[in-house]
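One letter stands for each residue in the lines below.
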Amino acid sequence: MAEATTATDVPTIELEGLAVQDVAQKVTPWDVEGPEVNGVRLAIDYDKLIVQFGTRRIDEAMLERFTKVTGHAPHLFLRRGIFFSHRELDVILDRHEQGKPFYLYTGRGPSRGHMHIGHMLPFVFCKWLQDVFDVPLVVQLTDDEKFLYKSDLKAEQTYQYAVDTVREIAAIGFKPEKTFIFSNMGFMGGAFYRNVLKISRCITYNMARSSFGYTETDHIGKIHFPSIQAAPAFCSTFPAIFGDRTDIPCLIPCGIDQDPYFRLTRDVAKPLKFKKPSLIHGQFLPALQGVTTKMSSSIDSSAIFMDDSPNVIKNKINKHAFSGGPTSLRELEEFGSNPDVDISYQYLTYFVDDDQEIADLAVSYRRGEITSGAMKKRCIEVLQKFVGDFQEREKAITQADVEDFMNPDYPRPFAALAKK
């Protein structure tokens, strides 16, 4: 796939007379793995992705501009570089400063069972952005993509996965007055489908193949899908929210692996006379086994799920979370531990807002003043509370709430959208 590094991009090494080629990192919408060097799998190189994808880093100047324009200190995801890259975030900040509207767009490929904590990141961030900017949010549930890519699933199953996912997203704290959550299978038609058709006529097979690596054996549903994911990036897809306007852009918080979809979207915006979407890219929450890959819904031991009990969370962290600590107390006192690869510490950087606590933990861990067991204990406490609080909110979500979120005609008034 063109957006991911290929094995031919990296040098070979000589090992006992044999030429051995290092394996490059792979970051696509379907696979995420760090590079392999000398037989050792390493962490994702996000700096390299910025160069490869042609995006821009969210630097201190951008964070200062964000604070000045919004009056809010940056979210911990921004302060710590968890959302680290962007495409024209400055355009969105300019619009907000000028009193011009925009909206948020994100999505989720629904699956059986609950989301894991990695899935929660863009939604937690979207909720904060929505509160800061007071803008609409549209959430695309790609039950159609799930059906197209998983040959063992029926369309009825993936649609039900989408409906079940609405309850989870709602439990993050969204309100239907500001948030429209839709299943592609349920919402497709009308203005949405018209935009899908317009987009699909702008994307050639060669463009799709170059972006996603499609082959002659891939069925036409896969090849057509990028036009479906692109359509919500244009406000005319949602006439019930935006009326007949075509000039309102969106900001898309997403994983960096989704960037190829929206590069195509930005390419087709100009010929269609639509506003280009802006993007803000997030890192992947690593799997319990280490920083070289991300959590997976299909591997239970790799993830903390939002329906895990406190005891399950405790056991998963204690048993599976990769440690940056040494194997003996003597080595701990002599060499300290490495928070950069310690999964419990890494999770804390995502879920503890207190910058001083995070800094103190890193320093104490490197000095050998706290053990990996103590780091795991703190991580367990934080994740048990995060998941437990979510579960309490989810219990309060009713079927009527789900229907309100999925109703395209639910009243969603935004006075600013009436202004040119």
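Coordinates for the structure precede this section.
Residues numbered from 1 in each chain as written. Predicted model: local features only at pLDDT ≥ 70, side-chain atom pairs only at ≥ 80, totals over all residues. Heavy atoms only, no water.

Caption draft 1: Quick look at the packing of aromatic side chains. Scanning the entire structure with this criterion turns up 26 aromatic pairs. Judged by centre distance (4.3 Å) and plane angle (25°), the rings of Phe83 and Phe125 are stacked. Placement of the pair is Phe83 in strand E8 (residues 83–87) and Phe125 in helix H5 (residues 117–133), with a sequence separation of 42 residues. Pair check on accessibility: Phe83 and Phe125 agree, each one buried. Note on Tyr103 and Phe238: the rings are 6.4 Å apart at their centroids and 75° apart in plane angle, and the pair reads as edge-to-face. One end of the pair, Tyr103, is in strand E9 (residues 103–108); the other, Phe238, is in the loop between helix H11 (220–230) and helix H12 (239–242), and 135 residues separate them in sequence. Classification of Tyr103 as buried rests on a relative accessible area of 0%. A network of ring pairs unites the aromatic residues Phe66, Phe77, Phe83, Phe102, Phe125, Trp128 and Phe133 as a single cluster. (Phe/Tyr/Trp six-rings, centres within 6.5 Å; stacked < 30°, edge-to-face > 60°. Helix = DSSP H or I, 4+ residues; strand = E, 2+ residues; numbered from the N terminus. Buried < 20%, exposed > 50% of the residue type's maximum accessible area, 1.4 Å probe, protein only.)

Caption draft 2: View of the pattern of salt bridges. Counting across every chain of the model gives 22 salt bridges. For Asp353, the salt bridge is made with Arg79, and the minimal N-O distance between the two is 3.3 Å. Of this pair, Asp353 sits in the loop between helix H16 (343–351) and helix H17 (355–367) while Arg79 sits in helix H3 (residues 76–79), and the two are 274 residues apart along the sequence. Asp353 gets classed as partly exposed once you look at its relative accessible area, which sits at 49%. The class for Arg79 is partly exposed, based on a relative accessible area of 31%. For Asp308, the salt bridge goes to Lys316, with nearest N and O atoms at 3.0 Å. You'll find Asp308 and Lys316 in the same group, each marked buried. Through salt bridges that share partners, Arg79, Arg80, Asp353 and Asp355 make up one connected network. (Salt bridge = Lys/Arg side-chain N within 4 Å of Asp/Glu carboxyl O.)

Caption draft 3: Representation of the pairing of E8. Burial of E8 is extensive: five of the five residues sit out of reach of the surface. As defined by bridge partners, strand E7 (residues 56–57) adjoins E8 across two bridges and the pair is classed as antiparallel. Opposite Arg57, over in E8, you have Ser85 as the bridge partner. Across four bridges, E8 lies against strand E13 (residues 278–282) in antiparallel orientation. Directly across from His86, in E13, lies its bridge partner Ile280. (Pairing = 2+ DSSP bridges.)

Caption draft 4: Local environment of helix H10 (residues 205–212). Ala208, Ser211 and Phe212 are the residues of H10 that are buried. Burial along H10 is one-sided: seen end-on, the buried residues are contained in an arc of 75°. Tucked into the core, H10 has its buried residues touching H11 and helix H13 (259–269). Within two residues after H10, Gly213 carries a phi angle of roughly 75°, on the positive side. (Arc of directions from axis to C-beta. Contact = heavy atoms within 4.5 Å.)

Caption draft 5: Summary view of the sheet that holds E13. Read across the open sheet, the seven strands follow the order E7-E8-E13-E12-E9-E10-E11; overall the sheet is mixed. Each having just a single partner strand, E7 and strand E11 (179–183) make up the two edges of the open sheet. As paired elements, E9 and strand E10 (residues 137–141) share five bridges and run parallel to each other. By the bridge assignment, Leu104 is partnered in E10 with Leu137. Its contacts with the sheet put H5 on E8, E9, E10, E11, strand E12 (250–255) and E13, and the angle it makes with E9 is roughly 165°. Helix-sheet contacts for helix H7 (residues 155–170) involve E9, E10 and E11, and the interaxial angle to E10 is about 145°. (Axes fitted to C-alpha atoms, helices over the stretch in contact; angles between N-to-C directions.)

Caption draft 6: View of a nonpolar patch on the surface. A contiguous nonpolar surface patch, about 210 Å² in accessible area, is contributed by Val37, Val40 and Leu42. Among the structural elements, Leu42 can be located in the loop between strand E6 (40–41) and helix H1 (46–53). Residue Leu42 is classed as partly exposed on the basis of its relative accessible area, which comes to 37%. (Patch = residues over 30% accessible without salt bridge, like charges linked within 9 Å, V, L, I, M, F, W, Y side chains within 5 Å. Areas by Shrake-Rupley, 256 points an atom, 1.4 Å probe, with all protein chains shown as cover.)

Caption draft 7: Quick look at the layout of surface pockets. The computed volume of the second largest pocket comes to approximately 420 Å³. Here the lining of the second largest pocket is composed, by residue class, of 10 nonpolar, five polar and five charged. (1 Å grid on protein atoms, 1.4 Å probe; cavity = no way out; pocket = protein on both sides within 12 Å on 5 of 7 lines; lining within 4 Å. Points joined across faces, edges and corners; volume = space filled by probe spheres on them. Nonpolar A, V, L, I, M, F, W, Y, C, P; charged D, E, K, R; others polar.)

Caption draft 8: Structural context of the pairing of strand E15 (residues 290–294). As paired strands, strand E14 (residues 286–287) and E15 are joined by two bridges and run antiparallel to one another. Each bridged residue has a counterpart across the sheet, and for Pro286 the counterpart in E15 is Lys294. Where E14 hands over to E15, the hairpin turn is made up of two residues, counted between the paired strands.

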